[in-house]
Amino acid sequence: MEVDKGKGEAEETRKVAEADRDTVTLKSSDGKLFEVSKEAAARLSTVLAGMIAGGSIDDNGTDLKQIGSEALENVVDYCNKHANSIPSAALISSSISFNTAPFKEPEEWERKFVDRLSHDALFDLVEAANFLGMERLLDVTCHKISEMMKGKSPDQIREVFNIKNDYTKEELEEIRQELAWAFYDD
Amino acid sequence: MPLSVPEPHLEGQPTMGRSSGKSAKGTDLGDRISGLPDELLHSVISLLPAKEAVCTSVLSLRWRNLWKSAPCLNVDAEDFTSQSSFIEFVNTMWLSRGGSRLESFWLRACPGIFLENFRETVYLWIGHALRSNVEELGVIDHDLNEFEYHHQLFHLGHCPLTSSCLKKLHLCYVNIDNHAIKNLFSGCPALENLEMINCEIYATEFSSATLKSLSIDYADFPHPVYYTIQEDIVINMPSLASLHIGGLLGIAMLSFVDVQSLIAASIRLDRGTFTGACSILGALSNVKKLELLFRGDVEGEYSFQIDMQLCRVVFANLTSLSLSDWCLYDNCKALLFLLQHSPNLEDLTLKIREFLFDTDEYLDMSCSAAAADSATPFSCEKLRKVEIICPKGNKIVGMLVTILLTKLMSPPEIIIKPFSGSSWDDSDDQRWTYYD
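Calculation rules
- Residues numbered from 1 in each chain as written.
- Chains lettered and ligands numbered in written order.
- Predicted model: local features only at pLDDT ≥ 70, side-chain atom pairs only at ≥ 80, totals over all residues.
- Heavy atoms only, no water.
- Phe/Tyr/Trp six-rings, centres within 6.5 Å; stacked < 30°, edge-to-face > 60°.
- Buried < 20%, exposed > 50% of the residue type's maximum accessible area, 1.4 Å probe, protein only.
- Lys NZ or Arg CZ within 6 Å of the ring centre and 35° of its normal.
- Helix = DSSP H or I, 4+ residues; strand = E, 2+ residues; numbered from the N terminus.
- Polar contact = N/O pair within 3.5 Å; in protein donor to acceptor, adjacent residues only side chain to side chain.
- Contact = heavy atoms within 4.5 Å.
- pLDDT = per-residue confidence, 0-100.
- UniProt positions renumbered as here; feature names shortened; annotations may be inferred.
- Pairing = 2+ DSSP bridges.
- Axes fitted to C-alpha atoms, helices over the stretch in contact; angles between N-to-C directions.
- Core = buried A, V, L, I, M, F, W, Y, C linked by side-chain atoms within 4.5 Å.

(A) Up close: the packing of aromatic side chains. Under the counting rule described, the total for this entry stands at 12 aromatic pairs over all chains. Look at B:F80 and B:F89: their rings are 4.9 Å apart centre to centre, the planes differ by 55°, and that puts the pair in the tilted class. You'll find B:F80 and B:F89 in the same group, each marked buried. Seen from the ring of A:F113, A:R116 lies directly overhead, with NZ or CZ sitting 4.5 Å from the centre. Lying over the aromatic face of B:F154, B:R119 brings its terminal NZ or CZ to 4.4 Å of the ring centre.

Listed below in structure tokens is the structure:
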């Protein structure tokens with residue numbers, strides 16, 4: 001996603017916001033402003049809900065020094081999409097899981113939303129979501145991360161996530177012995 | 001999911017507040033995942049099959065013991081080559097976890113020749129999970145197949161279902177009888193959500209003061225020859241907010257006693273009948289969202305047609321309504337009745353499948369019937385959108401649109417989407433729109 005575009009949009013939407021306080025303005029660590037639906041922000045983020053309720057929202061842009069502009073743009077994008085999304089099939093019970101696992105399954109659009117992110121952008125978003133207390137977005141992003149791990153060998157997982165194997169040979173052997181019951185089948 | 005301000009666990013790892021600017025971009029090949037707080041890694045590990053979850057401990061020191069505290073366990077017999085290795089795995093896993101907090105336990109069995117004690121072992125695990133105060137429990141057996149004619153299902157009655165914490169229970173291919181369901185509701189006073197998918201139900205009375213969401217579904221049931229519901233189903237759940245009933249097999253009669261808290265109800269029947277349209281509609285009269293999808297040959301349709309005219313029901317809260325072809329009989333009598341009695345309706349969806357009957361049974365093709373009908377147009381002023389999902393080239397749509405435009409004083413936007421396949425959920429993405 002182009003940052004410039006986000007900036008342009010932010011400035012444009014800020015003007016709208018001055019007339020219409022249904023939104024709040026958030027400021028990234030690098031000083032960019034983003035407009036987000038107040039309702040969605042309060043519903044999706046416990047931290048923003050607390051700030052809105054406590055009156056600590058700054059009309060000129062509430063500082064979120066911990067979040068870079070790209071991640072904040074994704075957060076805002078997610079909130080605004082959420083504000084506009086109609087629950088699928090109109091009925092809560094439309095997605096019954098038969099044989100699938102018990103997860104709070106992401107909706108199709110949420111899946112697409114995280115699928116398009118680069119590796120780093122995904123983790124920036126996880127950290128931002130965690131910082132802002134966004135439970136649903138954490139579910140969606142953690143789901144994506146687990147999908148990236150599923151069905152892979154430890155070596156493949158290390159490669160995908162750049163995890164450095166800091167075990168000594170002896171330690172690794174010890175773990176394998178300790179967990180022999182889990183590897184019994186392999 | 002537990003939330004906390006993340007703390008970096010490894011020196012020099014990228015952390016919160018790092019700019020996503022260019023400097024980090026090109027060079028950052030770091031290990032982002034290991035820098036996440038424990039709670040988030042527990043969540044990630046919770047989403048993996050148990051075997052893969054345990055294996056994360058070999059990744060690096062950081063991952064050594066994380067799996068032991070993952071709050072959700074998801075064990076699947078299919079991941080194991082033998083039943084004994086599966087049992088050993090789960091038993092050892094329970095031991096290794098010690099007293100770690102457990103929120104959810106899901107177990108899937110798979111086809112194969114099971115040892116005598118397998119089911120007893122599973123009941124022990126369920127007991128262990130409940131003693132660990134799980135809030136969510138899933139027991140999923142595999143589908144019945146012809147090679148295992150004598151396949152024994154799990155019996156709900158054999159599970160030690162007593163828990164003050166259990167909120168959600170998901171059962172798939174489980175045998176459920178009256179005694180078991182009664183014990184479940186009395187032994188689990190916190191239970192709010194019950195899903196019974198493809199279960200063999202030998203119970204009639206479903207009475208719970210606490211349940212908020214109930215789902216009974218047979219949409220994917222493969223071999224009706226092995227099981228059909230023989231019992232009637234009576235639902236008495238004054239706290240129930242969401243109800244889904246799909247594809248009931250056999251000749252079950254459905255009736256409601258107290259479901260006054262219902263907000264969303266979805267009833268999809270291939271067969272089965274109602275004890276009477278008036279009592280069903282009366283029980284559902286508070287809902288906001290209603291879906292009544294019956295196949296054209298559901299026996300209930302005719303009684304619905306006749307009874308409905310006699311009902312004195314007003315759906316004062318109804319904003320979203322989904323119906324299938326049954327409502328079109330006799331020049332849309334049932335459809336028009338529902339529209340007239342839903343003053344706050346905003347969205348209407350009509351799902352029309354390939355007709356099994358002659359189109360004439362539905363609508364008078366002369367197009368004059370609707371216009372000639374002595375009843376005057378009525379107002380359904382909040383109705384904004386009507387979506388018609390039907391097979392391509394369906395003859396009935398034009399008629400239907402005419403009737404709607406004639407009968408409604410302020411015609412809504414009408415969207416027509418093509419429909420293919422036989423499932424209620426199939427529909428193509430293409431759409432074209434008619435504006436009045």
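(B) Structural context of the side chain of B:S163. Residue and element names in this part refer to chain B. Structurally, S163 can be placed in the loop between β4 (154–155) and β5 (168–172). From its side chain, S163 meets the backbone nitrogen of C165 in a polar contact 3.0 Å long. When neighbours within four sequence positions are excluded, S163 is seen to be in contact with L130, V134, G187, C188 and P189.

(C) Main features of the confidence of the model for chain A. All names here are of chain A. Across chain A, the average pLDDT comes to 81, with 77% of residues at or above 70. Per-residue pLDDT stays below 50 along residues 14–19; that stretch engages in five contacts with residues further than four places along the chain or on separate chains. Contacts for the low-pLDDT stretch residues 87–102, under 50 throughout, to residues beyond four places or in other chains number 38 contacts.

(D) Expanded view of the UniProt feature "domain: SKP1 component POZ" (unreviewed entry) in chain A. Following the UniProt record, the feature "domain: SKP1 component POZ" (unreviewed entry) maps to residues 23–84 of chain A here. Taken end to end, residues 23–84 of chain A is 50% helix and 19% strand, and its two terminal C-alpha atoms sit 14 Å from one another.

(E) Structural view of the environment of B:I233. Residues and elements named next belong to chain B. Relative to the elements of secondary structure, I233 occurs in strand β11 (residues 233–236). Along the sequence, I233 and L243 sit 10 residues apart, while their C-alpha atoms lie 13 Å from each other. When neighbours within four sequence positions are excluded, I233 is seen to be in contact with T204, F206, I216, L248, M253, L254 and S255.

(F) Spotlight on the UniProt feature "domain: SKP1 component dimerisation" (unreviewed entry) in chain A. UniProt records the feature "domain: SKP1 component dimerisation" (unreviewed entry) for residues 136–182 of chain A in the present numbering. Annotated as residues 136–182 of chain A, this span is 74% helix and 0% strand, and its ends, taken at the C-alpha atoms, are 32 Å apart.

(G) Here's a closer look at the sheet that holds strand β2 (residues 33–37) of chain A. Residues and elements named next belong to chain A. Pairing is mixed across the open sheet formed by three strands, whose spatial order is β2-β1-β3. In this open sheet, the two edge strands, each paired with only one partner strand, are β2 and β3 (62–63). Where strand β1 (residues 23–27) meets β3, two bridges bridge the pair, whose relative direction is parallel. Directly across from K27, in β3, lies its bridge partner D63. Relative to β2, helix α4 (residues 69–84) is tilted by about 20°, and along the sheet it contacts β1 and β2.

(H) Region of interest: the nonpolar core. Ranked by internal contacts, the top residues of the largest apolar core, which has 172 residues, are B:F105, B:M196, B:I235, B:L335, B:L339 and B:I388. Looking at this core, the element that brings in the most residues is helix α6 (residues 119–131) of chain A, giving eight residues. Aside from chain neighbours lying at most four places away, what touches B:I235 is B:F206, B:L214, B:L240, B:L243, B:I245, B:L254, B:S255, B:F256, B:V257, B:D258 and B:V259. B:W106, B:I140, B:C172 and B:I197 belong to the second-largest nonpolar core, a separate cluster that totals six residues.

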